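# Understanding the architecture of this molecule
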Protein chains: 2
Amino acid sequence: MALKKKPVNGMKDIMPDEMAIRDYVQSVIRDTYRSFGFTPIETPCMEDIANLSSKQGGENEKLIFKVLKRGEKLKLDTAQSEADLVDFGMRYDLTVPLCRYYANHANDLPSPFKALQMGNVWRADRPQRGRYRQFMQCDIDILGEPSNLAEIELILATTTTLGRIGFKNFEIRINERRILKAMAAYSGFAEADYDAVFITLDKMDKIGPDGVAEELIRDGYAKESVDQYLALFTGVAAAQDGLAWLADTLGDVLEDEVVRSMQEIAKAVNAAKMAQFELVFDPTLVRGMSYYTGTIFEIAMPEFGGSCGGGGRYDKMVGNFTGRDVPTCGFSIGFERIILLLMESGFQIPEQPKKTAYLIEKGFPGERLVDVIAQAQEARAAGEQVLVVRMNKNKKFQKEQLEKEGYGEFVEFYKN
Amino acid sequence: MALKKKPVNGMKDIMPDEMAIRDYVQSVIRDTYRSFGFTPIETPCMEDIANLSSKQGGENEKLIFKVLKRGEKLKLDTAQSEADLVDFGMRYDLTVPLCRYYANHANDLPSPFKALQMGNVWRADRPQRGRYRQFMQCDIDILGEPSNLAEIELILATTTTLGRIGFKNFEIRINERRILKAMAAYSGFAEADYDAVFITLDKMDKIGPDGVAEELIRDGYAKESVDQYLALFTGVAAAQDGLAWLADTLGDVLEDEVVRSMQEIAKAVNAAKMAQFELVFDPTLVRGMSYYTGTIFEIAMPEFGGSCGGGGRYDKMVGNFTGRDVPTCGFSIGFERIILLLMESGFQIPEQPKKTAYLIEKGFPGERLVDVIAQAQEARAAGEQVLVVRMNKNKKFQKEQLEKEGYGEFVEFYKN
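For clarity, every value in this text was computed on a predicted model and none was experimentally measured. (Residues numbered from 1 in each chain as written. Chains lettered and ligands numbered in written order. Predicted model: local features only at pLDDT ≥ 70, side-chain atom pairs only at ≥ 80, totals over all residues. Heavy atoms only, no water.)

## Notes on the interface of chain B and chain A
- The interface of chain B with chain A comprises 102 residues on the first partner and 102 residues on the second.
- Summed over both partners, the interface of chain B with chain A buries about 8,800 Å², with 63% contributed by carbon and sulfur atoms.
- For the chain B face of the interface with chain A, the top three residues by lost area are L3, K5 and E42 of chain B, together amounting to 8%.
- If you look at where chain B meets chain A, you find twelve salt bridges.
- Between R34 of chain B and D23 of chain A there is a salt bridge, with its nearest N and O atoms 3.4 Å apart.
- For the pair chain B and chain A, the interface holds 34 residue pairs in polar contact (both at pLDDT 80 or more).
- In terms of residue count, the dominant contributor to the side of chain B that touches chain A is helix α14 (residues 366–381) of chain B (ten residues).
- Among the residues forming the side of chain B that touches chain A, the class breakdown is 52 nonpolar, 21 polar and 29 charged. (Contact = heavy atoms within 4.5 Å. Buried area = accessible area lost by both parts, 1.4 Å probe. Salt bridge = Lys/Arg side-chain N within 4 Å of Asp/Glu carboxyl O. Polar contact = N/O pair within 3.5 Å; in protein donor to acceptor, adjacent residues only side chain to side chain. Helix = DSSP H or I, 4+ residues; strand = E, 2+ residues; numbered from the N terminus. Nonpolar A, V, L, I, M, F, W, Y, C, P; charged D, E, K, R; others polar.)

Below, the structure written as structure tokens:
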């Protein structure tokens, strides 16, 4: 078989320019999250296929890269279906593995446990521009903290990180599953229809209020319900304080505690934030995953239509592994989108070391090379980046290339 | 299906203590290698199965985790064998992917290209203590540098890194495939038998010279050849300068240039080294992989029987992808073994930030939480690590646990 030079379909090789930015951003993320007391952990990239197919991954479960059984376990002759052939799968997110990890190790972990994960995930999506089948996720999660202290710390940690990377004028949109439900209940939708209604609501930023209303009518919901529902969103948008207006309007349908908690989060985040962003109550925010049980949030960048990350509270997932629920809240940075935005904006990494190239003429005697190398070692020990290379015939071109790589100084060593 | 709490068989969850050391070591590796002008790159964790099964991976090709085809490409009914079911595989090393990467991107990369890769690889080995089926590799490679400048820089970069992590009194053992061959030729072995002879020679450190001689005789080689062969190793060991003695003894069978280059490497490394180690000529060093074409080297730690990394020159592998050979030399640190040694020696990470925990009494009013969070934010901005948590009923126990995590200061916030 001929060897293939391209990476596998839908995945990419990372070139030096991008890699430098990725490493830098990862180090800012790691340092900032650590300052908030988050602890890096790691799980294997493969999970038991049963864990990945347990309905916790939503649509992602259709996109699993599955791993063939090996040795005696693989029984090609008697295999009836895919399920007989595979035992592991590549993880499609870091959330299911985190809950398994916590379920497995809770006795050895602090409570609450503040986890930081940076790792690749895989989804066998149809390849498309700017979207890859292997990509990095950066998640922070707090397990075992039922109060909104979790939400406050997650939002502050994430926004402080984004600010340190250099982002500003972005929005953190926040909503609550219980507000979503109260609005649907108030409008007269049946509880069994909530999820379907939210799927339509989720299209608000694409098709607008009219589009949402049209789709709901088309799906057979009562016109009065749809009108009343849409009026709520108009009301929130028009009000000085949308959340307060909504609380007033919904009355007993929405628990006071939900509103008070949202207000506390807003107050604390606004008082302590270390980046330029707005925390915005957005009653149209849905977030796809059905596992969310409380607050949900999303990062919106002015430079980028669509989400640059998000998260929320999911108090029931650890319980799926252990039978005992653990209140959990997480926030995920859309790492690949962040990198894309930085690449497109010509981002320069701050505080680079001095970069010097030593050019050694062909035929330079081996016994004198010792001194050149020793000189390079001293400069390196002093924090400099030193490249020792043979001088090319076309020295001018070589230097131009090296300048593009960031080498600003050249020392030339000639044989005579 | 019931959910599984354990990681998949043979792979491991990484706990916070180990993760902190791994992150620290990775940052030292990255910073040090960068100071030598190595450029981080990354390839996807999956490769086309044809690339992984092209006889470049030796025994590792038997250990591939294979990825099931998806969608229409998967034809269960007509599949005759494994090969019909899979299209991708998990990489078992970083060397084959690097050569594919270089073949694909050489026009966009500097020449020589100094690559740094840190990434996971997967091998479906029988699980055993301390050996996992997913593990990290850290490789540096120089592509396009035919001279021993590559070997010198690789050995200096690797040893400087190990020294910075805190290792000392280790050995870098070095040999040359051409010396291995010359010794076999001089002893009268047939060229077709070299590889088989080297497999036996590779057991020297386990079964000793007598064991090697015995096995060679048993395999049917002439007693005179075996005796002469073993006498060479005795001679090298007894000589003041083993390499010089060998060169003298082998005479024309060994090219002068090989010896001169090895001497230059030794001289430069010894003159410029920044760590406490010995560079030792070891004529018994074989290194398993058949792709090596020149120098080969290995790290030996006094604390650890067996290799903690190694590498060598492999001038032919890129040519398998492009039809045009590119001189290439690489050095891989045995990352997992390094981490194991550090964990076992009670390694402490230097220069940790100050770690403070804020303990907040239950019932602490939400409106005052704002000030606590703001205070935490200021300390974090000043470089401190601040954990904000609810105070447990058993505060004494909570503080003891936090002290184990490295929190040295506590600030307590009471509701009254």
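## Section: the packing of aromatic side chains
All names here are of chain A.
- Scanning all chains against the criterion turns up 28 aromatic pairs over all chains.
- Judged by centre distance (5.8 Å) and plane angle (35 degrees), the ring pair of Y24 and F347 falls under tilted. On the criterion of sequence distance, the pair formed by Y24 in helix α1 (residues 16–35) and F347 in the loop between α13 (335–344) and β12 (355–360) is long-range, its members being 323 residues apart. Of the two residues examined, Y24 and F347, each falls in the buried class.
- Aromatic side chains F189 and Y221 sit 5.4 Å apart centroid to centroid with 80 degrees between the ring planes, which places their arrangement in the edge-to-face category. Here Y221 lies in the loop between α8 (204–218) and α9 (223–238) and F189 lies in the loop between α6 (177–186) and α7 (194–201), a separation of 32 residues in the sequence. Just as F189 is buried, Y221 falls in that class too. (Phe/Tyr/Trp six-rings, centres within 6.5 Å; stacked < 30°, edge-to-face > 60°. Buried < 20%, exposed > 50% of the residue type's maximum accessible area, 1.4 Å probe, protein only.)

## Examining the state of the cysteines
- Under the defined criterion, the tally for this structure stands at zero disulfides over all chains.
- The cysteine C45 of chain B is free of any disulfide, with C45 of chain A supplying the nearest cysteine sulfur at 5.8 Å.
- The buried category is assigned to C45 of chain B, whose relative accessible area is 4%.
- Take C138 of chain B: it sits in no disulfide, and the sulfur closest to it among the cysteines is that of C308 of chain B, at 13 Å.
- The exposure class of C138 of chain B is buried, given its relative accessible area of 0%. (Disulfide = S-S within 2.5 Å.)

## Description of the relation of the copies chain B and chain A
- Note on the copies: chain B fits chain A at an RMSD of 0.0 Å, the axial shift is 0.0 Å, and the rotation between them is 180 degrees. The relationship between the two copies is best expressed as a two-fold rotation axis. Of every C-alpha in chain B, the one belonging to V67 of chain B sits nearest the axis of rotation, 2.3 Å from it.
- Residue by residue, 100% of the interface of chain B is reproduced at the interface of chain A, so both copies engage with the same surface. (Least-squares fit on C-alpha atoms with pLDDT ≥ 70 in both.)

## Things to note about the pattern of salt bridges
- The full count for this structure, using the stated rule, is 61 salt bridges over all chains.
- Residues K395 of chain A and E412 of chain A are paired through a salt bridge, measuring 2.9 Å at the closest nitrogen-oxygen approach. Of this pair, K395 of chain A sits in helix α15 (residues 395–404) while E412 of chain A sits in strand β14 (residues 409–413), placing them 17 residues apart in sequence.
- The salt bridge involving K399 of chain B is made with E412 of chain B; its shortest N-O contact spans 2.6 Å. Taken as a pair, K399 of chain B in helix α15 (residues 395–404) and E412 of chain B in strand β14 (residues 409–413) lie far apart in primary sequence, 13 residues in all.

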